[in-house]
Amino acid sequence: MSNGNWLELMTNQAQLGKVLETNQYTQKYGLTLSEDEAQLIVSERKNTLKEQKRVEFGEGILPRLIYEFCDSYYITQDNYAETMVRLQEIFFLYKNEMEDEMTDTELIHFMKEQFETVCYGDLDYLEGTCLEVFAQAVRSGYRGYRRTEGRGEYGRFDEVQRWDAQLYMEALKDLQ
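Residues numbered from 1 in each chain as written. Predicted model: local features only at pLDDT ≥ 70, side-chain atom pairs only at ≥ 80, totals over all residues. Heavy atoms only, no water.

**Things to note about the overall build of the protein chain**
Then, in step 1: Of regular secondary structure, the protein chain possesses eight helices and zero strands.
Then, in step 2: Helices and strands in the protein chain line up, N terminus first, as α-α-α-α-α-α-α-α.
Then, in step 3: Across the 176 residues of the protein chain, 40% fall into the buried class.
Then, in step 4: Here the contacts in the protein chain between residues at least 6 apart in sequence split such that 65% fall between residues at least 24 apart. (Helix = DSSP H or I, 4+ residues; strand = E, 2+ residues; numbered from the N terminus. Buried < 20%, exposed > 50% of the residue type's maximum accessible area, 1.4 Å probe, protein only. Contact = heavy atoms within 4.5 Å.)

And the structure:
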């Protein structure tokens with residue numbers, strides 16, 4: 001076994017252990033990962049890092065994504081592992097797209113807020129719309145997210161008019 005393979009094996013085992021440790025916290029939300037699911041997520045991490053030409057040191061981003069998203073209204077036991085795979089793919093893609101301007105914490109907060117509110121759990125909308133629009137702003141020099149750690153920022157750039165309760169009631173009155 002070469003040194004590179006040994007190091008990779010140790011890193012994967014450490015990642016697997018950290019991911020499985022999250023079960024102690026996430027079980028209160030009805031979410032747990034089996035060893036096979038955790039192994040799948042860790043191996044997808046390796047593929048994603050390679051694809052995005054990124055390197056991770058230390059604990060990695062996956063446990064932080066799990067802790068941030070485990071209380072989501074849109075993540076169930078049935079879609080938990082698959083969602084975590086997609087979230088880590090989206091995270092690394094947009095770390096690159098935003099040219100590493102946002103910290104991991106800022107990006108994770110931004111992703112979670114949009115996932116819960118604007119996207120209603122739709123990962124495609126999170127990736128293809130919310131994060132794409134925001135990444136354009138960041139690449140153009142926007143830095144206002146720094147004072148909020150990525151929270152409450154998307155409304156400044158959202159191009160879609162949203163329905164609210166008052167607008168809905170007005171529309172109902174107009175129909176009568």
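**As for the environment of Val19**
Then, in step 1: Counting through the fold element by element, Val19 comes out in helix H1 (residues 3-21).
Then, in step 2: Between the C-alpha atoms of Val19 and Ile41, which are 22 residues apart in sequence, the distance is 8.7 Å.
Then, in step 3: Those residues in contact with Val19, other than ones at most four positions away along the chain, are Leu33, Ala38, Val42, Leu62 and Ile66.

**Overview of the packing of helix H4 (residues 62-69) against helix H5 (residues 80-97)**
Then, in step 1: The geometry of H4 relative to H5 is characterised by a closest axis approach of 10 Å and an angle of 120 degrees between their N-to-C directions. Taken together, the axis directions place H4 and H5 in an arrangement best described as oblique. Where H4 crosses over H5, the handedness of that crossing is right-handed. Residue-level inspection shows Leu62, Leu65, Ile66 and Phe69 of H4 in contact with H5, the latter providing Tyr80, Met84, Leu87, Gln88 and Phe91.
Then, in step 2: Classifying every residue of the contact of H4 with H5 by side-chain character gives eight nonpolar, one polar and no charged. (Axes fitted to C-alpha atoms, helices over the stretch in contact; angles between N-to-C directions. Parallel < 35°, antiparallel > 145°, perpendicular 65-115°, else oblique. Left-handed = near helix turned anticlockwise from the far one by under 90°. Nonpolar A, V, L, I, M, F, W, Y, C, P; charged D, E, K, R; others polar.)

**Re helix H7 (residues 123-139)**
Then, in step 1: Residue Leu131 marks the point of greatest curvature in H7, where the axis turns by about 35 degrees.
Then, in step 2: In this structure, the buried residues of H7 make contact with H5 and helix H6 (104-116).
Then, in step 3: In this structure Asp122 caps H7, since a side-chain oxygen of it lies 2.9 Å from the backbone nitrogen of Asp124.
Then, in step 4: Gly141 sits one or two positions beyond H7 and adopts a positive phi of about 115 degrees. (Bend = angle between axes of the 7 residues up to and from the residue. Polar contact = N/O pair within 3.5 Å; in protein donor to acceptor, adjacent residues only side chain to side chain.)

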